[in-house]
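Single-letter residue listing:
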Amino acid sequence: MSEHFMIDKDKQQKLQNIILKLHQGASVAEVKKEFATLIQGVSAAEVAQMEQALIDNGMPVEEIQHLCEVHVEVFKASLDKEKISSKVPGHPVQTMLDENKAARARLRALKKAVLAWRFGLGQKEQVLAALDDMSKIIVHYTRKENQLFPYLEKKEFTGPSRVMWGKHDEIRALFKEAHSKVEQNDKSAISSLHPLAGKISRMIFMEEHILIPEAVRRLSDEEWAHIRIGEDAIGFAWIRPGAVYDAYLVLAGAVTAKPQPAAVSSASSAEPAAGAAPASTTHQATSAVSPGAVPQTSPVPASDLVELATGKVPVGLLSAALATMPVDISIVDAQDKVVYYSDSPDRIFPRSPAVIGRAVQNCHPQKSVATVNRILDAFRKKEKTSARFWLEMGGRFILIEYRALYDAAGAYIGTLEFSQDLTELRALQGQRRLLDWD
């Protein structure tokens, strides 16, 4: 599906010079004319390809981010006339477009609430409500980061995942800043709200006129179907995808049946988890028995057992146990590829099937990549064997740890990442020796 443009080296150098001017403090207005002259007769897709070439040749992604604002200013007049081919309801592209439509309506509501608050015609509570509603767009960004970007990376088109993620984080930071100031009834929050609304508007534009057209051009029908299958793990902003598009029908030749979710249940669950595997493939087969009777079990086939250093565990039981642990787990192999994540219902940080096989560096915002690489490098050299971070997020105290993994001979084989919400544990005092179920 990928097509490659012939990159004009002279234009690439001029583009680099424009980026450097922006880095040195030039305004969008100052470089807009120069940029417009440079890209005369060039499509947005070709400019995206030029930027990709700059990244591949070592240009820091943070520098490319400076150009995003110029994109919108220069391309807006011509690209506003273009229309994305509509997709059937439920297709990932259509879902993104529907969410953007909902976002535009909420942007108008937010601007109206801010204006009323500014002139004493409204209350801060109305601004907070509009701000909280608008912030649901973060789910839209998270789904791009975890579902769409991995498939573009497989096409060696890494610019969007590196550059746009940085712009997403700018928006996240502005949401946090604005919310804090409005809560304090500080009307200087307006200075944060205006840039926030502008950045969201420009992101919508870049999605609909650069990202989505590029993704449609590069990705196959099967890849879009896989993207759709993994979307539910992340969630949606304001809307639910339509039901006309059936990803499993698209994959009818490659997927014989809809995959069933792992049998995940807590120890206190009275009912089997929805979609649990048939009893013959789990750790025991249960026949009809009277209440209180001990269920009859049948031997587990050897092919269903995972042999570990200290025991053999049925694969269904192991999967359920890992997903029930009160921590988020991810395993990265020696090549820095994600090979596993625990799919618990209460994950702190979102994950979806698209992460499997993805470079762990691409699973983090660009500003964190240097830290990730430093940790992995130290683990390989055995300079360090663990790294620990903690943060407060949404009123919760989150612990994040990385542990190096070595084989019996001491060779580095990967990294274990786990995150845990310690909010309740930090509040524990005294002791509890008796069961408190009554």
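Preceding block: the structure.
Residues numbered from 1 in each chain as written. Predicted model: local features only at pLDDT ≥ 70, side-chain atom pairs only at ≥ 80, totals over all residues. Heavy atoms only, no water.

**Concerning the packing of helix α8 (residues 137–154) against helix α10 (residues 190–218)**
In a packed pair of helices, the relevant descriptors are the angle between the two axes and the axis-to-axis distance. Our working definition: Simply put, an axis is a line fit to the C-alpha atoms, just over the touching stretch for a helix, and the angle between two N-to-C directions goes from 0 to 180 degrees. Numbering goes from the N terminus for both helices and strands, where a helix is a DSSP run of H or I of at least four residues and a strand is a run of E of at least two. Should an angle fall under 35 degrees it is taken as roughly parallel, and over 145 as roughly antiparallel, whereas 65 to 115 is taken as roughly perpendicular and any remaining angle as oblique. Two helices that cross are described as forming a left-handed crossing if the nearer one is turned anticlockwise from the farther one by less than a right angle, and a right-handed crossing if clockwise. Pairs of residues are marked as contacts when any of their non-hydrogen atoms sit within 4.5 Å.
Two elements in contact, α8 and α10, have axes separated by 13 Å at closest approach and are oriented at 25°. Here α8 lies roughly parallel to α10, going by the angle between them. Judged by the twist between their axes, the crossing of α8 over α10 is left-handed. Listed contacts from α10 to I137, H140, Y141, K144, L148, F149 and L152 of α8 are I200, M203, E207, L211, A215 and R218.

**Quick word on the nonpolar core**
Rules: Residues enter a nonpolar core if they are buried and are Ala, Val, Leu, Ile, Met, Phe, Trp, Tyr or Cys, with the set joined through side-chain atoms within 4.5 Å. Burial classes follow relative accessibility: with a 1.4 Å probe on protein chains only, a residue under 20% of its type's maximum area counts as buried, one over 50% as exposed, and anything between as partly exposed.
F35, L148 and I200 are the most contacted members of the largest nonpolar core, which totals 69 residues. A total of twelve residues in this core trace back to one element, the largest contributor, which is α10. In this structure, C363, L376, F379 and A404 belong to the second largest nonpolar core, which totals 16 residues.

**Looking at helix α2 (residues 28–38)**
The cut-off we apply is this: Starting at the helix axis, one direction is taken to each C-beta atom, and the arc is that of these directions.
Of all the positions in α2, only V31, F35 and L38 are classed as buried. Buried residues of α2, seen end-on, are gathered within an arc of 50° and therefore sit on one face of the element. For α2, the exposed residues set more than 90 degrees away from the buried face come down to A29, K33 and T37.

**As for the packing of aromatic side chains**
Rules: In summary, the pairing rule links any two rings of Phe, Tyr or Trp, Trp by its six-membered ring, whose centres are within 6.5 Å, and it sorts them by plane angle into stacked for under 30 degrees, edge-to-face for over 60 and tilted for everything else. Counted as over-ring charges are cases with an Arg CZ or a Lys NZ within 6 Å of the ring centre that also lie within 35 degrees of the ring normal.
Evaluation of the coordinates by the stated rule reveals two aromatic pairs. Arranged with centres 6.1 Å apart and planes meeting at 70°, the rings of Y406 and Y412 form a pair that is edge-to-face. Relative accessible area serves as the criterion here: at 13%, Y412 is assigned to the buried category. The ring of Y151 is capped by K154, whose NZ or CZ atom sits 4.3 Å from the centre of that ring. It is K382 that lies over the ring of Y406; its NZ or CZ is 5.1 Å from the centre.

**Topic: a nonpolar patch on the surface**
Which entries qualify depends on this criterion: Patches were defined on residues exceeding 30% relative accessible area and lacking a salt bridge, with like-charge contacts within 9 Å and nonpolar side-chain contacts (Val, Leu, Ile, Met, Phe, Trp, Tyr) within 5 Å. Note that accessible areas follow from Shrake-Rupley with a 1.4 Å probe, and for residues the cover is restricted to the protein chains shown. Whenever a carboxyl oxygen of Asp or Glu lies within 4 Å of a side-chain nitrogen of Lys or Arg, that contact is scored as a salt bridge.
On the surface, a nonpolar cluster with roughly 380 Å² of combined accessible area is contributed by L115, F119 and L121. Relative to the assigned elements, L121 resides in the loop between α6 (92–118) and α7 (124–134).

**Some words on the pattern of salt bridges**
Tallied over the entire structure, the rule returns 27 salt bridges. Across the pair K144 and E207 runs a salt bridge, and its minimum N-O distance is 2.7 Å. Of this pair, K144 sits in helix α8 while E207 sits in helix α10, and the two are 63 residues apart along the sequence. Take K144: its relative accessible area is 2%, and that puts it in the buried class. With relative accessibility at 0%, the residue E207 sits in the buried group. Note that E145 is salt-bridged to R172, the shortest N-O span being 3.0 Å. In this pair, E145 is assigned in helix α8 and R172 in helix α9 (residues 159–183), connecting sequence segments 27 residues apart. The exposure class assigned to E145 is buried, which follows from its relative accessible area of 3%. Through salt bridges with shared partners, a single network forms among E99, R143, R228, E231, D232 and R240.

**Describing the sheet that holds strand β4 (residues 338–341)**
To be explicit about the condition: Should DSSP find at least two bridges between two strands, the strands are regarded as paired.
Within the open sheet, the five strands sit side by side as β4-β3-β7-β6-β5. Their pairing is antiparallel. Two strands bound the open sheet, and with one partner strand each, they are β4 and β5 (386–393). Recorded for the sheet is a direction-independent mean angle of 15° between the axes of neighbouring strands. The pairing of β5 with strand β6 (residues 396–406) spans eight bridges and is antiparallel. Within β6, the position partnered with W390 by the bridge is L399.

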